[in-house]
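Architecture and fold: a report
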Amino acid sequence: MEKMGRKKKIGVLTSGGDAPGMNAAIRGVTRTAIYNGLEVVGIRQGYQGLITSDFINLESSSVSDIIQRGGTILKTARCEEFRTPEGRAKAFNNLKQAQIDGVVVIGGDGSFTGARIFNEEYDLPFVGIPGTIDNDIYGTDYTIGYDTALNTVVQAVDKIRDTASAHNRMFFVEVMGAEAGFIALYSGIATGAEAIIIPETRGEARDLKAFIESGNIRKKSSNLIIVAEGDEEGGAFAIAEKVKCDFTNCDIRVSVLGHLQRGGSPTATDRVNASRLGHAAVEALLDDQKSVMVGIANDEIVLVPFRKAIKLHKDVDRNLVELAKILSL
Ligand code: F6P
């Protein structure tokens, strides 16, 4: 059923690193808002656009033909000025002048930190949608872009496996994830990696030689070690360098997958979940929520206060860490 509430016009922005599915979320926000009789303003370049009034009106047709596209039609940025009280004051004045009375922020925990501080200072509600390939936000099982990035990594690692097997090589493949190991752990299991090195197992597996050997390295024609970029031992190049004298019989190569993990057409899962979250964020604003993130837990939409989403740590599933070890024998 349509809801009008007190709100007349809302803004939507994407902030931090882009993630495939952000466009589907922008579409979800825009069309749900229009359905409910609201005007919608796209804020370009993340928080920077709030400070410079980089606003565009979004009609239903503005978000046609974008659900399948990676990146973000609104552009994104990491904005230092919004971290300052002066920057946030400018943002508030610009929002007031444009008569925007609620904002949907699609981004990661850094973006939610800015939104939370803003909502402590100003009575203009911000609601967040988790958008990051890292899947590292507490309170939600899912973040927009993670599924696409994971599938991109799996495809790339499968290709590396082909050439690794052909040459009997050992490959260290570095994947993204910032401080978290979700992409590494899940892609490692999905590609049958011999070892997976993630920040969450810090302290558990720091005899790198023994850890890598536990994947029965010498008996296999190819060996893949997935390294999360945030691991304290360093990236894939650093780890390969540390262990190369322990595996003198192996021909070692390193591959850093990099930003190709952030691009591409979103998977069906990312499109559907981003659409659900876009819809839920507008509903939350209409219900007078503020300073909360909409997330998905056990396949249900949930509301999580920014305070929790930012402060609490989301851990990887330890059963999967054990499973990966067993299956690499
Ligand atoms: O947070 C998303 C992410 O892609 C991380 O996985 C990665 O560490 C970081 O962003 C890269 O950021 P940038 O695009 O600024 O290099």
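Below: a short report on this structure. Just so you know, these numbers come straight off a predicted model, no measurement behind them.

**Quick look at the site of the ligand**
- Within the structure, the ligand sits among Arg78, Thr132, Ile133, Asp134, Met176, Gly177, Ala178, Glu229, His259 and Arg262.
- Arg262 is positioned such that a nitrogen or oxygen atom in its side chain is 2.8 Å from an oxygen atom of the ligand.
- Here the ligand, which alone exposes 400 Å², has 70% of that area covered by the protein.
- The residue makeup of the shell around the ligand, split by class, is three nonpolar, three polar and four charged.
- Counting residues domain by domain, the shell around the ligand receives three or more from each of domain 1 (4-145 + 266-311) and domain 2 (146-262).

**What about the pattern of salt bridges?**
- With the rule as written, the count across this model stands at 19 salt bridges.
- The closest approach of N and O atoms between Arg161 and Glu194, which form a salt bridge, is 3.1 Å. On the criterion of sequence distance, the pair formed by Arg161 in helix H5 (residues 146-167) and Glu194 in the loop between helix H6 (182-190) and strand E7 (195-197) is long-range, its members being 33 residues apart. Pair check on accessibility: Arg161 and Glu194 agree, each one buried.
- Between Lys325 and Glu322 there is a salt bridge, with the nearest N and O atoms lying 3.4 Å from each other. Placement of both Lys325 and Glu322 in helix H11 (residues 318-327) is noted, with a separation of three residues, approximately one turn of the helix.
- Take Lys325: its relative accessible area is 31%, and that puts it in the partly exposed class.

**Considering the side chain of Thr267**
- Note that Thr267 resides in the loop between strand E9 (251-256) and helix H9 (268-286).
- Classification of Thr267 by relative accessible area gives buried; the value is 18%.
- In this structure Thr267 touches Asp147, Thr148 and Asn151, once residues within four positions along its chain are discounted.

**A short note on the packing of aromatic side chains**
- Going through the model one piece at a time under the given rule, you end up with eight aromatic pairs.
- Between Tyr47 and Phe82, the aromatic rings sit 4.0 Å apart at their centres with planes inclined by 5°, giving stacked as the arrangement. Taken together, the positions of Tyr47 in helix H2 (residues 47-51) and Phe82 in the loop between strand E3 (55-57) and helix H3 (85-97) put the pair 35 residues apart, joining distant regions of the chain.
- With relative accessibility at 2%, the residue Phe82 sits in the buried group.
- Between Phe92 and Phe118, the ring centres sit 6.4 Å apart and the planes meet at 50°, which makes this aromatic pair tilted. Taken together, the residues Phe92 in helix H3 and Phe118 in helix H4 (residues 109-121) connect sequence positions 26 residues apart. The burial state of Phe92 is the same as that of Phe118; both residues are buried.
- Taken together, the aromatic side chains of Tyr47, Phe82, Phe92, Phe118, Tyr122 and Phe126 make up a single cluster linked through ring pairs.
- Positioned above the aromatic ring of Phe182, the side-chain terminus of Lys314 is 5.1 Å from the ring centre.

Analysis parameters
Once a new chain begins, its residue numbering starts again from 1 and follows that chain's sequence as written. Confidence filtering applies because this is a predicted model: local features only for residues at pLDDT of at least 70, side-chain atom pairs given and counted only at 80 or more, and all residues used for totals across whole chains, interfaces and linings. Side-chain calculation: all heavy atoms of the structure are included, whereas hydrogens and water are not. Nearness here has a simple test: a residue counts as near a molecule or strand if at least one of its heavy atoms is within 4 Å of that partner. Each polar contact in these results corresponds to two N or O atoms within 3.5 Å; when the atoms are within protein, one needs to be able to donate a hydrogen and the other to accept it, and residues that are neighboring in sequence are counted only if both atoms are side-chain atoms. Method for areas: the Shrake-Rupley scheme with a 1.4 Å probe, in which residue coverage is limited to the protein chains shown. Under the convention adopted here, Pro, Cys and the residues Ala, Val, Leu, Ile, Met, Phe, Trp and Tyr are nonpolar, Asp, Glu, Lys and Arg are charged, and Gly plus all remaining residues are polar. For each domain, the first and last residues come from an automatic or database assignment. Think of a salt bridge as a Lys or Arg side-chain nitrogen and an Asp or Glu carboxyl oxygen that are within 4 Å of each other. Only DSSP runs of H or I reaching four residues or more are called helices, and only runs of E reaching two or more are called strands; each is numbered from the N terminus. Burial status follows relative accessibility: with a 1.4 Å probe on protein chains alone, a residue under 20% of its type maximum counts as buried, one over 50% as exposed, and anything between as partly exposed. What makes two residues a contact is simply this: any of their non-hydrogen atoms within 4.5 Å. Each pair of aromatic rings taken from Phe, Tyr and Trp, with Trp reduced to its six-membered ring, is defined by centres within 6.5 Å and is described as stacked if the planes are under 30 degrees apart, edge-to-face if over 60, and tilted in the remaining cases. For a ring to carry a charge above it, either NZ of a lysine or CZ of an arginine must fall within 6 Å of the ring centroid while also lying within 35 degrees of the normal to the ring plane.

These figures capture arrangement, not role.
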